[in-house]
Amino acid sequence: MTTIRQRRVGKGTEADDDQPSEEKNLKPDGKILTGHTGGKLWNILSITVGGIVAISLGLLTSVYVATLHENDLWFSNIKEVEREISFRTECGLYYSYYKQMIQAASIQQGLHGLVYDNKTESVRTINILERMNVYQEVFLSILYRILPIQQYLEPVYFYIYTLFGLQAVYVIALYVTSWLLSGTWLSGLLAACWYITNRIDTTRVEFTIPLRENWALPFFAVQIAAITYLLRTHLQPVQERLTLMAVFIATFLFSLTWQFNQFMMLIQALALFILDCFDMLPTAKVMWLYIIQISGLLLVCVLQFFNSMILGSLLISFNASVLIARTIQKILNLESDEHIFKFLKAKFGFGATRDFDANLYLCEEAFGLLPLNTFSRLSDTLLFYVYIFVLFFMTVAAVIIAFWNLSGSNQVQFMEKMEECTVTLKPDAAYNLIHTILFGCLALSTMRMKYLWTSHMCVFASFGLCSTEVWKLTLKCIHLYTSQRTRVIKYSVPIMTLLYISYKFWPGIMDELSELREFYDPDTVELMNWIKSNTPNTAVFAGSMQLLAGVKLCTGRTLTNHPHYEDKNLRERTKQIYQIYAKRSPEDVYRILRSFGTDYVILEDSICYERRHSRGCRLRDLLDIANGHIMDGLGENEPDLKPSLYPRFCEEIKKNLPPYTIHFTRVFQNKTFHVYKLAKHK
C-alpha cells in the first residue's frame, strides 16, 4: 500500500451598466466636453490592472499546486521508479505513452509503436491513438525532443510542469468569465480566490497529474469564457469571428484531451437548446455553437482514426437529428460506451443489475452521490451561501423573462414593466445560469464530475456578488433600491468577502505549504524492480487494472488488461482476468490466463481480502454475483445464487496444493503482492 509519511531530515472594465450616461459640459466658447478621453484612459488602466492581477493569480496557482505536489512526495528526491509508481491507475498508463515516445529511436518509430501497439493488450494489436486520448502526450514528447532542454529538464518535469502550467490557464479563464459577466475584475479576483481556497473540491491535479480531466478542464473553461463573450450584445463582426474561432479551438482541444467530452458537450448543447426555446439567446449564435461542437468532435474523430464511439455519440445525435443518429448507431453496432448507459440505468433505479461492469462503477465512491460534507467545506469559505443566494435571484429573473417571452407580450411594454419591478437577464448571464444548474445536477448525481461544477460555482457566485443586476433586484424586492446604494454594495460586499477569506484561510495555506512529507511504497517498488530484473522483456503480466498500468510504465512489459475501460472487448477480458479473485477451479483460471498469453499473474492481498468496501461491493462479491455464486460472510444472498464447487482461487493458491502447483509456481512474494509463473504445458 502507498502511504505518505512525514519526511525524514537528511537526504472588462470597471464600467457599471447602471451608471448614468456621460454628462456634457459647456465651455465658455460653447464647445462640448464629453469626458470621453478621461473615461477611455480609466478603462485602459482598469483592463491593464485587471489583466496583471489575472496573470499573477494564474501563475501563483501553478506554483501553489506544484509546491504541494513536491512537498507531498518529495518528488525531486525519490527514485525514478518511485516517481512513476506515484502516477496511479490510468495516470500511469497515459504517462507510459509519453515515456514510450521519448525513448523511441525516432518520432516516426514512436508514432508507429502507438498505432501498432501489441504491449498494452496481449495477443492483440491495437491503435492507441484511436482508442485513447493521448495526443497531448504525443505533442509533449515531440516538443521535448525538438527543444534544446534535455540537459536542463528531465522528461517527467517537462510533463508535470506543463500540467501545472495549465492550471494557470484554468484560473485565468475562470477569472475572465466572471469579469465579463459582472463588468468588474474584482469579481474575477474573488472567483480565483474561491477556486484556490476550495482546492479540495475544485481540482485534484496535484495528486492525479496525468488524468485526462486535468488536461481538458482548462480548455473547457476557456471555451466557456469565449462563449460568454460571444453572447454579449453589440459585438463587431470582426470580434464575433475571432470569438467563434476561439470557441472552436477551445472546443477542439477539450474534445481531443478527454474521452468524456461528448457527454459534457451534450449537457452544454442542452443548455443552449433550452435557452433558445425560451428566446433568451440569439438563434444565429446558438446555431454557430452547434456547428462548432459537431465540427470539433468530427475533427477529433478523424484524428482518432474514425473512432466509432465519437461517430455514434449522443452529442451528434442531439445536434444533428435523432433519426440520423439512430441509423448511424445501428450501422456501427456501437458497444464501446454501453457500460455507461448500464451504469446510469442502475444508478437511477431503473432495475437492479448483475452486470459486472455496471456494478464496478456503482460500488466506487467516485461514481456515487456527492457527499454532504462537500457543502460544509464550500460553506466555510462562504462560497456555497453566496452561490445559493445568486442562483435564487437569477433563477427568479430567468423564470419571469421566460414566461414573458413565451406569452408573446409586447417587447417594449415588457421591458418597461421589467424596469419597474425587476431586471433583465443578459444572454451571457442566462447561459451561465443554465450551465451551472445542469452541471450542478451532474455533480450531485456523480461525485467524480463535481470538478466541472465547483469551479464554475466560483465564477457564478463571484459574478453575482459583483453584479449590478443581482443587487438591483435584491434591493428592489425590499424597497431599498437606489443607484448609489447599488454601486456601494456591489463593491463593498466582495471586498469584505475577500478580507474574510484572507483572514481565515491564509494561515492554513502557509501551514500547508510548509508541511513536508515523502512518497513511501516499498512493496510496489520492490515488485517493479523484481519484474525488471527477473523477467524477459516479452513477458506478459495479468492482474488488476490499476496495478498493471504501473507495470507497463515502470517495466515496459506486456499487459493482459488496463484501466482505460472504454472498449467492450477489454471489459470482457478484464472480467475474465479477474476470475483470479473468484471461486473458480485452478484449471479454469489457468485456461483463461493462457488464452490471453499470460506468463505471470500478480495477486494482491488488498483485493483478495478487501475490507475497504462493504459486503456486496467488494470485487470478489461482484465476481461471485456475476458468476451466480453466494457471497462470503454474514448477510443475505439473492435466492437464485448457489454455492460454488471451488474455493476462492486467490486464497487457495497460497496453500501450494498439487492442483495449483501443476499450473502455477510462486516466484515472488512480499507483504502485499504474490507473483506466480504459469506453466507452459504442451
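Residues numbered from 1 in each chain as written. Predicted model: local features only at pLDDT ≥ 70, side-chain atom pairs only at ≥ 80, totals over all residues. Heavy atoms only, no water.

In the nomenclature of an unreviewed UniProt entry, the chain is known as Dpy-19 like C-mannosyltransferase 3 of Aquila chrysaetos chrysaetos. The Subcellular location (unreviewed entry) comment attached to the chain in UniProt states, word for word, "Membrane". (UniProt positions renumbered as here; feature names shortened; annotations may be inferred.)

1. Some words on the state of the cysteines
By definition, a disulfide links two cysteine residues through a covalent bond between their sulfur atoms. Overall, the coordinates contain 1 disulfide when judged by the stated rule. Disulfide pairing places Cys608 opposite Cys650 at an S-S distance of 2.0 Å. The chirality of the disulfide connecting Cys608 with Cys650 is right-handed, given an S-S dihedral of about 80 degrees. Taken together, the residues Cys608 in helix α30 (residues 605-608) and Cys650 in helix α32 (residues 649-652) connect sequence positions 42 residues apart. Comparing Cys608 with Cys650 shows no difference in burial state: the two are buried. (Disulfide = S-S within 2.5 Å. Helix = DSSP H or I, 4+ residues; strand = E, 2+ residues; numbered from the N terminus. Buried < 20%, exposed > 50% of the residue type's maximum accessible area, 1.4 Å probe, protein only.)

2. Overview of the pattern of salt bridges
This structure, assessed with the given rule, holds 28 salt bridges. Here Asp72 and Arg517 are joined by a salt bridge, their closest N and O atoms 2.6 Å apart. Of this pair, Asp72 sits in helix α1 (residues 36-73) while Arg517 sits in strand β4 (residues 517-520), placing them 445 residues apart in sequence. In the salt-bridge network here, residues are joined through shared partners; they are Lys583, Arg620, Asp624, Asp632 and Arg648. (Salt bridge = Lys/Arg side-chain N within 4 Å of Asp/Glu carboxyl O.)

3. So, helix α6 (residues 135-146)
For α6, spanning 12 residues, the distance from its first C-alpha to its last is 17 Å, which sits close to the expected 16 Å at 1.5 Å a residue. Burial in α6 covers these residues: Tyr135, Gln136, Glu137, Val138, Leu140, Ser141 and Tyr144. (Expected span 1.5 Å × (residues − 1).)

4. Focus: the pairing of strand β7 (residues 600-604)
Within β7, 5 of the 5 residues are buried, which leaves the element mostly enclosed by the surrounding structure. Residues Tyr600, Ile602 and Glu604 of β7 are buried on one face, and the alternating residues Val601 and Leu603, pointing to the opposite face, are buried as well. Looking at chain direction, strand β5 (residues 540-542) and β7 are connected through 2 bridges and run parallel. Bridged to Phe541 within β7 is Tyr600. Judged from the 5 bridges that link them, β7 and strand β9 (residues 673-678) form a sheet pairing that is antiparallel. Of the residues in β9, the one forming a bridge with Ile602 is Val675. (Pairing = 2+ DSSP bridges.)

5. Things to note about helix α28 (residues 568-577)
The set of residues buried in α28 consists of Leu570, Arg571, Arg573, Thr574 and Ile577. The arc that holds the buried residues of α28, viewed along the axis, is 165 degrees, so those residues lie on one side. For α28, the side-chain oxygen to backbone nitrogen distance between the N-cap and Asn569 is 3.2 Å, and the N-cap itself is Asp567. (Arc of directions from axis to C-beta. Polar contact = N/O pair within 3.5 Å; in protein donor to acceptor, adjacent residues only side chain to side chain.)

6. What to know about the packing of helix α8 (residues 185-197) against helix α25 (residues 483-514)
Axis separation between α8 and α25 bottoms out at 10 Å; the angle between their running directions is 25 degrees. Between α8 and α25, the interaxial angle falls into the category roughly parallel. As for the relative orientation of α8 and α25, their crossing is left-handed in sense. Every residue of α25 that contacts α8 at Leu186, Leu189, Leu190, Cys193, Trp194, Ile196 and Thr197 is listed here: Tyr491, Pro494, Ile495, Thr497, Leu498, Ile501, Phe505 and Ile509. Residues that form the contact of α8 with α25 fall into these classes: 13 nonpolar, 2 polar and no charged. (Axes fitted to C-alpha atoms, helices over the stretch in contact; angles between N-to-C directions. Parallel < 35°, antiparallel > 145°, perpendicular 65-115°, else oblique. Left-handed = near helix turned anticlockwise from the far one by under 90°. Contact = heavy atoms within 4.5 Å. Nonpolar A, V, L, I, M, F, W, Y, C, P; charged D, E, K, R; others polar.)

7. Regarding the side chain of His562
Secondary-structure assignment places His562 in the loop between β6 (558-559) and α28. One polar contact links His562 to Glu121, side chain to side chain, over a distance of 2.8 Å. Separated by 3.3 Å, the side chain of His562 and the backbone nitrogen of His564 make a polar contact. Residue contacts for His562: discarding those within four places in its chain leaves Leu93, Thr120, Glu121, Arg131, Met132, Met545 and Leu570.

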